[in-house]
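Listed below, chain by chain, are the residues.
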Amino acid sequence: MGDLQPISAALEALLVDVSVIGVESVPLEAAAGRVLAEAVTAQLDVPPFDNSAMDGYVLRAADAGQWLPVSQRIAAGTQAKALAPGSCARIFTGGEIPTGADCVVMQERVQVDGDRALMPADIPTGDNVRRQGRDVRQGSILLDAGERLEAAALGHLAGQGITQVSVRRRPRVALLSTGDEIIEPGTPLKPGQLYNSNRPMLRRLLENFGAEVVSTVSVPDDYARTVALLTAAAAEADLVVTTGGVSVGEEDHVKAALEAIGQLDMWKLAIRPGKPLALGRLPRNDVSQARFVGLPGNPVSGFVGAWLFLRPLLGAMLGCPALTSLPAVTAKAGFATSTGPREHYMRVTLEFTPSGVTATAFEDQNSGVLSSCINADAFAVIPANSDIAEGDAISCLWLAC
Ligand SMILES: Nc1nc2c(c(=O)[nH]1)N[C@H]1C(S)=C(S)[C@@H](COP(=O)(O)OP(=O)(O)OC[C@H]3O[C@@H](n4cnc5c(N)ncnc54)[C@H](O)[C@@H]3O)O[C@H]1N2
Ligand code: MOO
């Protein structure tokens, strides 16, 4: 199988000369999952003022251990007046620390009698005070360019009062399903036909990886139609993804069509599943090219190929380092297996126990068995030509999005 390309070479070819996509401004509420185009500098301290971490009493630490008059009530959202020495104030979580005060005692530790309160002794200065700027300092980098805007990052932006964010445009993907036997749900199946599993599966993965699927096209097993539909797809997309038709059969026209109108960079990888995967480019117009990834038709090959190739390619287009690789976890194999000339990406679940991580493989690892992907946490990467015994340490790629 000397004609199979190593996966590392394919990834290298895939990531050569990738142009980072353009920028657009979106409202913060619409920015979830988008990739930040520029670093954001904090315009405000967060929190913007010293405030109480507890419901209780605020005072000077020097006045601890005595009865103190309660001079004011500071609820969150109100402005505090300066605190005179030898007094304390009622304060609530989030309330502003008054000028002059330097610590807060939680109310459970305080004895109250009318308008005075007995403070415990030895309260450290700064106790239960959340300092201005403790989380974010004005002028510091709040978020770096390339950050994917997930929950906490969105919260950080909102904490600055930001309403509009500069993000990378979503790469436009045309998704083509080849195969005369493939039909869409909604039509009764005739003998020899099967429903298109790859389209919704890949749409979901592509969207999770930051892309916008701008067209879905069904391509018959016909060379001229394949050429025409690939040409049309490339005109409107940054990335053209096909499924099926990349192997060596007479009805497999994708590779030949790609070679005729574009460029084939890589074909036939030492990977299981996904061997006939094809990488290349298609002319988009006179000056630019669309990227091309031809996934094999078997749904598992498409699933694995999407995680291993579409995700890093989209990460490079989006300038998003988090998408360009998958986190690796070392686990104990809960199974035995042997490989041939292809590196095997087995679908496994991971169990985290105090004694370590165990990977359990789905029993049927055939590339047509999509059930193996349903609850998969990771791909166990079994090197080519190796024998793995149960209990051996193996490397797993975590399917984190
Ligand atoms: N003589 C050889 N035959 C095959 C080889 C080989 O090296 N020599 N490689 C095998 C491997 S490995 C794979 S993977 C497949 C991939 O072939 P294609 O990419 O050309 O895919 P198709 O033949 O079009 O389809 C394969 C399989 O998947 C089903 N399929 C296709 N599209 C969908 C879809 N959208 N939804 C659900 N299922 C789909 C299709 O009906 C086939 O059963 O080639 C081997 N053959
Ligand atoms: O490479 Mo194929 O995806 O093994 O069946």
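Residues numbered from 1 in each chain as written. Chains lettered and ligands numbered in written order. Predicted model: local features only at pLDDT ≥ 70, side-chain atom pairs only at ≥ 80, totals over all residues. Heavy atoms only, no water.

## Points about a negative patch on the surface
Reasoning step 1: The grouping of Asp180, Glu181, Asp222, Glu250 and Glu251 at the surface amounts to a negative patch.
Reasoning step 2: The topology assignment puts Glu181 in the loop between strand E13 (172–178) and strand E14 (182–183).
Reasoning step 3: Here Glu181 falls in the partly exposed class, since its relative accessible area comes to 33%. (Patch = residues over 30% accessible without salt bridge, like charges linked within 9 Å, V, L, I, M, F, W, Y side chains within 5 Å. Areas by Shrake-Rupley, 256 points an atom, 1.4 Å probe, with all protein chains shown as cover. Salt bridge = Lys/Arg side-chain N within 4 Å of Asp/Glu carboxyl O. Lys, Arg positive; Asp, Glu negative; His and termini not counted. Charge placed at Lys NZ, Arg CZ, Asp CG, Glu CD. Helix = DSSP H or I, 4+ residues; strand = E, 2+ residues; numbered from the N terminus. Buried < 20%, exposed > 50% of the residue type's maximum accessible area, 1.4 Å probe, protein only.)

## Section: the site of ligand 1
Reasoning step 1: The local shell around ligand 1 holds 20 residues, among which Glu181, Asn196, Ser247, Lys275 and Gly297 are the closest.
Reasoning step 2: With respect to ligand 1, the side chain of Asp252 contributes an N or O atom lying 3.2 Å from an oxygen atom.
Reasoning step 3: Lys275 is positioned such that a nitrogen or oxygen atom in its side chain is 2.7 Å from an oxygen atom of ligand 1.
Reasoning step 4: Relative to its free-state accessible area of 870 Å², ligand 1 is covered by the protein chains to the extent of 70%.
Reasoning step 5: Elements that contribute at least two residues to the shell around ligand 1 include exactly strand E15 (194–195) and helix H6 (299–318).
Reasoning step 6: Residues of the shell around ligand 1, tallied by class, amount to eight nonpolar, nine polar and three charged. (Near = heavy atom within 4 Å. Polar contact = N/O pair within 3.5 Å; in protein donor to acceptor, adjacent residues only side chain to side chain. Nonpolar A, V, L, I, M, F, W, Y, C, P; charged D, E, K, R; others polar.)

## Re the sheet that holds strand E7 (residues 103–106)
Reasoning step 1: Spatially, E7-E4-E6-E5-E9-E8 is the arrangement adopted by the six strands of the open sheet, whose pairing is mixed. Edge strands, defined here as strands with exactly one partner in the open sheet, are E7 and strand E8 (111–113). When strand polarity is set aside, the average angle formed by the axes of neighbouring strands in this sheet is 40°.
Reasoning step 2: Judged from the three bridges that link them, strand E5 (residues 67–74) and strand E9 (residues 116–118) form a sheet pairing that is antiparallel. Across the sheet, the residue bridging to Leu68 is Ala117, located in E9. (Pairing = 2+ DSSP bridges. Axes fitted to C-alpha atoms, helices over the stretch in contact; angles between N-to-C directions.)

## Description of the UniProt feature "domain: MoaB/Mog" (unreviewed entry) in the protein chain
Reasoning step 1: What UniProt calls "domain: MoaB/Mog" (unreviewed entry) maps, in this numbering, to residues 174–316.
Reasoning step 2: Annotated as residues 174–316, this span is 36% helix and 29% strand, and its ends, taken at the C-alpha atoms, are 18 Å apart. (UniProt positions renumbered as here; feature names shortened; annotations may be inferred.)

## Digging into the pattern of salt bridges
Reasoning step 1: Across all of its chains, the model carries eleven salt bridges by this definition.
Reasoning step 2: Two residues, Arg169 and Asp238, come together in a salt bridge whose shortest N-O distance is 3.2 Å. You can see Arg169 sitting in the loop between strand E12 (164–168) and E13 and its partner Asp238 sitting in the loop between helix H4 (223–236) and strand E17 (239–243), a full 69 residues away along the chain.
Reasoning step 3: Overall, Arg169 belongs to the partly exposed group, its relative accessible area being 27%.
Reasoning step 4: Given a relative accessible area of 8%, Asp238 falls into the buried group.
Reasoning step 5: Connected via shared salt-bridge partners are Arg169, Asp238 and Arg284.

## Observations concerning the sheet that holds strand E18 (residues 263–267)
Reasoning step 1: If you walk across this open sheet you meet the six strands as E16-E13-E17-E21-E20-E18, and the pairing is mixed. Two strands lie at the open edges of the sheet, namely strand E16 (212–219) and E18, each paired on one side alone. When strand polarity is set aside, the average angle formed by the axes of neighbouring strands in this sheet is 20°.
Reasoning step 2: Helix-sheet contacts for helix H5 (residues 254–261) involve E13, E17, E18, strand E20 (278–283) and strand E21 (289–295), and the interaxial angle to E20 is about 40°. (Contact = heavy atoms within 4.5 Å.)

## A few points about the domain arrangement of the protein chain
Reasoning step 1: Along its sequence, the protein chain is carved into domain 1 (7–21 + 170–323), domain 2 (25–44 + 138–168), domain 3 (51–130) and domain 4 (328–398).
Reasoning step 2: A straight line from the C-alpha centre of domain 2 to that of domain 4 covers 37 Å. (Domains from an automatic or database assignment.)

## Things to note about the confidence of the model for the protein chain
Reasoning step 1: When pLDDT is averaged across the protein chain, the result is 97; 100% of the residues are at 70 or more.
Reasoning step 2: At the level of chain-chain contacts, confidence expressed as ipTM amounts to 0.98, with global pTM at 0.95. (pLDDT = per-residue confidence, 0-100.)

## Details of unusual backbone geometry
Reasoning step 1: Of the consecutive residues Val46 and Pro47, the connecting peptide bond is found in the cis state with omega at -5°.
Reasoning step 2: Positive phi values are uncommon outside glycine, yet Asp17 reaches one of about 55°.
Reasoning step 3: Looking at the secondary structure, you find Asp17 in the loop between helix H1 (7–14) and strand E1 (23–27).
Reasoning step 4: The phi dihedral of Asn128 is positive, around 60°, even though this residue is not glycine.
Reasoning step 5: Along the chain, Asn128 falls in the loop between E9 and strand E10 (129–130).

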